[in-house]
Amino acid sequence: MQFIYPATLTPEPSGGFVVTFRDWPEAITQGETLNDALLEATDCLEEAIAARIDDCGEVPMPSAHLPAERPVAVPIQTALKAALFLAVRETSVGPSELARRLEINEKEARRLLNPRHNSKIATLERALLSVGRRPAIEIQEAA
């Protein structure tokens, strides 16, 4: 499970770039420079994922990248929360059961599933392990 999505950067006649995602039709942003557009793309994608989690919607896995597209990775915390959201849904583990497995109260378990709550990476890692997922980090060269 990876959270690196293909983005299309379309140059604007007046300057700058519009960024769209095949996997996230609602995620559209722009930037004045290529670097700015990619930074905005990360933020836009993070918000799209958070909105889908808030709505208990689908969080699609990334499509294969086409040659003209740029990869955009979501921040680590967002990727971990999305992975936990998907794992909890797949295994039918509710917040009460997650809390029991982690030996925390249910309010804390709900916060782990809240994409807008800042959670500790170590706690998210433990939560993922408790539902049978082992997170791993891959470091790539910056685009």
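Residues numbered from 1 in each chain as written. Predicted model: local features only at pLDDT ≥ 70, side-chain atom pairs only at ≥ 80, totals over all residues. Heavy atoms only, no water.

Participant: Is there a simple way to think about the packing of aromatic side chains in this case?
Facilitator: Describing an aromatic ring pair means giving the distance of the ring centres and the angle of the ring planes. Tallied over the full model, the rule gives one aromatic pair. For the ring pair Y5 and W24, a centre distance of 5.7 Å and an interplane angle of 80° mean the geometry is edge-to-face. With Y5 in strand β1 (residues 4-11) and W24 in the loop between β2 (17-21) and β3 (28-31), this residue pair connects regions lying 19 residues apart in the sequence. (Phe/Tyr/Trp six-rings, centres within 6.5 Å; stacked < 30°, edge-to-face > 60°. Helix = DSSP H or I, 4+ residues; strand = E, 2+ residues; numbered from the N terminus.)

Participant: Any chance you could explain the layout of surface pockets here in plain terms?
Facilitator: If a probe the size of a water molecule is rolled over the atoms, the empty space left behind becomes visible. Counted as a void, the largest pocket has a volume near 1000 Å³. Along the walls of the largest pocket sit 29 residues, with F3, I4, A73, V74 and E138 positioned nearest its centre. The class makeup of the residues in the lining of the largest pocket is 21 nonpolar, four polar and four charged. (1 Å grid on protein atoms, 1.4 Å probe; cavity = no way out; pocket = protein on both sides within 12 Å on 5 of 7 lines; lining within 4 Å. Points joined across faces, edges and corners; volume = space filled by probe spheres on them. Nonpolar A, V, L, I, M, F, W, Y, C, P; charged D, E, K, R; others polar.)

Participant: Mind showing me how you'd approach the pairing of β1 here?
Facilitator: Successive residues of a regular strand alternate their side chains across the two faces of the sheet. Here β1 runs beside strand β4 (residues 70-73); their pairing, made up of four bridges, is antiparallel. Residue pairing in the sheet places Y5 in a bridge with V72 of β4. Examined bridge by bridge, β1 and β2 share five bridges and lie antiparallel to one another. Each bridged residue has a counterpart across the sheet, and for T8 the counterpart in β2 is T20. Linkage of β1 to β2, two consecutive antiparallel strands, is achieved through a turn of five residues, within which G15 is found at a positive phi near 110°. (Pairing = 2+ DSSP bridges.)

Participant: Quick question: what am I supposed to make of helix α2 (residues 76-91) here?
Facilitator: With 16 residues, α2 should reach 22 Å at 1.5 Å per residue; the first-to-last C-alpha distance of 22 Å fits that figure. Most of α2 sits inside the fold, with twelve of its 16 residues counted as buried. Among the residues of α2, Q77, T78, A79, L80, K81, A82, A83, L84, F85, L86, A87 and V88 are the ones counted as buried. In this fold, the buried residues of α2 make contact with α1 (34-54), α4 (106-112) and α5 (121-130). Directly beyond the C-terminal end of α2, a positive phi value near 60° is found at S92. (Expected span 1.5 Å × (residues − 1). Buried < 20%, exposed > 50% of the residue type's maximum accessible area, 1.4 Å probe, protein only. Contact = heavy atoms within 4.5 Å.)

Participant: It is not clear to me how the pairing of β3 should be interpreted in this structure. Could you clarify?
Facilitator: Every second residue of β3 is oriented toward a common face, the buried set being T29 and G31 and the non-buried set I28 and Q30. Direction of pairing for β2 relative to β3: antiparallel, over a ladder of four bridges. Residue V19 lies in a different strand from β3, and its bridge partner there is T29. In sequence, β2 turns back onto β3 through a hairpin of six residues.

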